[in-house]
Amino acid sequence: MSLSLPLPSRSSQIRTLAITPPSRKHKFLQIPLQWTSSRPLQHLHTNHQYYLPRKSFQCMSRSQQQEYEVERLFSNLNQVTLKREPGSLSSSIFLVAGTTIGAGILAIPAVTQESGFLASSVACILCWIFMVTTGLLIAEVNVNTMCELGSGGVSLVSMAKRTLGVAGVQFSCWSYIFIHYALLIAYVARSSDILTNFLGIPLWESATLFSLVFGGICYFGSQRFIGAVNGVLLFGIIISFTSLVVVASGDLHLDALLKVNFAAVPMSIPIIALSFVYQNVVPVLCTNLEGNLSKVRTAIVLGTAIPLGLFLVWDGVILGSISTPEMADKIADPLQQLLSTNGVVGPIIQAFSFLAIGTSYIGFVLGLSDFLADCERTFL
């Protein structure tokens, strides 16, 4: 069974939004007997609009209230053709993976060498489970908030207002803004260093070039184009990472991987946990995937599983190259040791770092765009 709901378009003709059968039952999603006025909402980072009533759907007849199973909460529409353009699950997976993978992955062995590979692997998997759980909870709150407000594009502002109150909104918003702008500045600064070394141009020109190119992609690019660019960058990350692993594993000692020191694990947990930060793009996923929680959960789990695999492989390769405890005591940073012994590693690390910064920058800009749009709807 499918249900068609009348929705207004920009040409004032009546269009319909088909709610098709079901992957999830939304208890909050209800369909009214008479529609209130609807309005188009536009994303800052896409060329799409989606139409929803101002109030939440009410699913009831004159005699009884009924629940309908739906596949999505709304449809992403192209502004020009007004045709539905659903978000791609693969692009969403790449967005999560690209946001999670940062240049900081290369520094993980420096904080895990004392605990050893096996102990640090356990800590890494536990941190991954925790961070996946937090992302799934955010997605649940986000979709339920969409259902209650009858509006897509819900970000941290609406969620905090609904769950934490006025004081919680203020604290959450200022914290979110501070963290995001600080990280974006760090991304631009680091990328400008890499570009300056490669192109031989001044730092300010490198910073401007990076900001214009990647900022322009986020601002002018459609959802599909941004997903395609992010996928290409992620593919480059995997290629450069594979090359780095091949070069670094030339002196691998398997017996060195058996070292276990769980007493040293707590010191590495903060760094490992920060390596799985992606939660800022969860609202973007919920909007791009039209509130389909099943797809959102898949994107979160698979998108974070890719960085988990990279973390474990890199940690094993570097720690496996430290053959004796005496050598481990002498090496403060295994990555610097690798750079000093192999001249090929440097350019590969630079390429990996630049690509990782690019994907993280895209994810944080998209998350910040949704956040600012939600601020505008909430406070203005």
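Predicted, not measured: the structure shown is a model, and the values here were computed from it.

S.K.: Can you tell me about the nonpolar core, naming the residues and giving the values?
M.R.: Counting residues in each nonpolar core, the largest one holds 82 residues, and the members touching the most others are Phe276 and Trp314. By residue number, the principal contributor to this core is helix α13 (residues 345–379), which donates 15 residues. Discounting chain neighbours no more than four positions away, the residues touching phenylalanine 276 are Thr100, Cys124, Cys127, Trp128, Met131, Thr304, Leu308 and Phe311.

S.K.: Now, about the UniProt feature "transmembrane region" (unreviewed entry) in the protein chain: what can you tell me, with residues and values included?
M.R.: In the numbering used here, UniProt assigns the feature "transmembrane region" (unreviewed entry) to residues 93–111, 117–143, 164–189, 201–220, 232–250, 256–278, 299–324 and 344–368. Overall, residues 256–278 shows 43% helix and 0% strand. The separation of its end C-alpha atoms is 32 Å.

S.K.: How would you explain helix α10 (residues 293–320) if you had to name every residue and give the values?
M.R.: Side chains three or four residues apart in an α-helix point the same way, a direct result of the helix having 3.6 residues per turn. With 28 residues, α10 extends 40 Å from end C-alpha to end C-alpha; this agrees with the ideal 40 Å at 1.5 Å per step. One side-chain oxygen of the residue at the start of α10 lies 3.2 Å from the amide nitrogen of serine 294, identifying that residue as asparagine 292.

S.K.: Kindly report on the side chain of serine 191, identifying the contributing residues and their values.
M.R.: On the secondary structure map, serine 191 appears in helix α5 (residues 165–199). Residue classification places serine 191 among the buried residues on the basis of a relative accessible area of 0%. Polar contacts involving the side chain of serine 191 include one to the main-chain carbonyl oxygen of valine 188, which spans 2.9 Å. Once residues lying within four places of it in the same chain are set aside, the contact partners of serine 191 are Phe210, Phe354 and Ile357.

S.K.: Quick rundown of the packing of aromatic side chains? Include the residues and the values.
M.R.: Counted under the stated rule, the structure contains 11 aromatic pairs. Ring centres of phenylalanine 241 and tryptophan 314 lie 6.2 Å apart, and the angle between their planes is 55°; this geometry places the pair in the tilted category. Linking phenylalanine 241 in helix α7 (residues 223–248) with tryptophan 314 in helix α10, this pair joins segments that are 73 residues apart in sequence. The exposure class of tryptophan 314 is buried, given its relative accessible area of 0%. Judged by centre distance (4.9 Å) and plane angle (70°), the rings of phenylalanine 276 and phenylalanine 311 are edge-to-face. In this pair, phenylalanine 276 sits in the loop between α8 (265–274) and α9 (282–288) while phenylalanine 311 sits in helix α10, placing the two residues 35 residues apart along the sequence.

S.K.: Outline the packing of helix α3 (residues 117–149) against α8, listing residues and values.
M.R.: One can describe the packing of α3 onto α8 by two numbers: an axis separation of 10 Å at closest approach and a directional angle of 45°. The orientation of α3 with respect to α8, classified from their angle, is oblique. Between α3 and α8 the crossing geometry is right-handed. Residues Ala119, Ser120, Ala123, Cys124, Cys127 and Met131 of α3 lie in contact with α8, whose contacting residues are Val265, Ile269, Ile272 and Ala273. When grouped by side-chain class, the residues that make up the contact of α3 with α8 number nine nonpolar, one polar and no charged.

S.K.: Tell me what's going on with the side chain of threonine 145, and back it up with residues and numbers.
M.R.: Assignment of secondary structure puts threonine 145 in helix α3. Classification of threonine 145 by relative accessible area gives buried; the value is 0%. Apart from the residues within four sequence positions on either side, threonine 145 is in contact with Val154, Ser158, Met159 and Arg162.

S.K.: Could you give an account of unusual backbone geometry, naming the residues involved and the relevant values?
M.R.: Even without being glycine, glutamate 290 reaches a positive phi, approximately 60°. By the element assignment, glutamate 290 lies in the loop between α9 and α10.

S.K.: Can you tell me about empty space enclosed by the protein, naming the residues and giving the values?
M.R.: Going through the model one piece at a time under the given rule, you end up with five cavities of 30 Å³ or more. As a volume, the largest cavity reaches approximately 140 Å³. Lining the largest cavity are 13 residues, with Ser91, Leu95, Gln223, Gly227 and Asn288 positioned closest to its centre. When residues of the lining of the largest cavity are traced back to their parent elements, those giving at least two are α1 (89–100), α7 and α9. Per-element tally for the lining of the largest cavity: the top contributor is α7, with four residues. Looking at the lining of the largest cavity residue by residue, the class counts come to four nonpolar, nine polar and no charged.

S.K.: Mind laying out the confidence of the model for the protein chain, listing which residues take part and the relevant values?
M.R.: When pLDDT is averaged across the protein chain, the result is 78; 76% of the residues are at 70 or more. Model confidence for the protein chain, summarised as mean pLDDT per element, is weakest for strand β2 (residues 14–19) at 36 and strongest for helix α6 (residues 203–220) at 94. Confidence over residues 1–62 falls short of pLDDT 50; this stretch has 191 contacts with residues more than four positions distant or in other chains.

Analysis parameters
Residues numbered from 1 in each chain as written. Predicted model: local features only at pLDDT ≥ 70, side-chain atom pairs only at ≥ 80, totals over all residues. Heavy atoms only, no water. Core = buried A, V, L, I, M, F, W, Y, C linked by side-chain atoms within 4.5 Å. Buried < 20%, exposed > 50% of the residue type's maximum accessible area, 1.4 Å probe, protein only. Helix = DSSP H or I, 4+ residues; strand = E, 2+ residues; numbered from the N terminus. Contact = heavy atoms within 4.5 Å. UniProt positions renumbered as here; feature names shortened; annotations may be inferred. Expected span 1.5 Å × (residues − 1). Polar contact = N/O pair within 3.5 Å; in protein donor to acceptor, adjacent residues only side chain to side chain. Phe/Tyr/Trp six-rings, centres within 6.5 Å; stacked < 30°, edge-to-face > 60°. Axes fitted to C-alpha atoms, helices over the stretch in contact; angles between N-to-C directions. Parallel < 35°, antiparallel > 145°, perpendicular 65-115°, else oblique. Left-handed = near helix turned anticlockwise from the far one by under 90°. Nonpolar A, V, L, I, M, F, W, Y, C, P; charged D, E, K, R; others polar. 1 Å grid on protein atoms, 1.4 Å probe; cavity = no way out; pocket = protein on both sides within 12 Å on 5 of 7 lines; lining within 4 Å. Points joined across faces, edges and corners; volume = space filled by probe spheres on them. pLDDT = per-residue confidence, 0-100.

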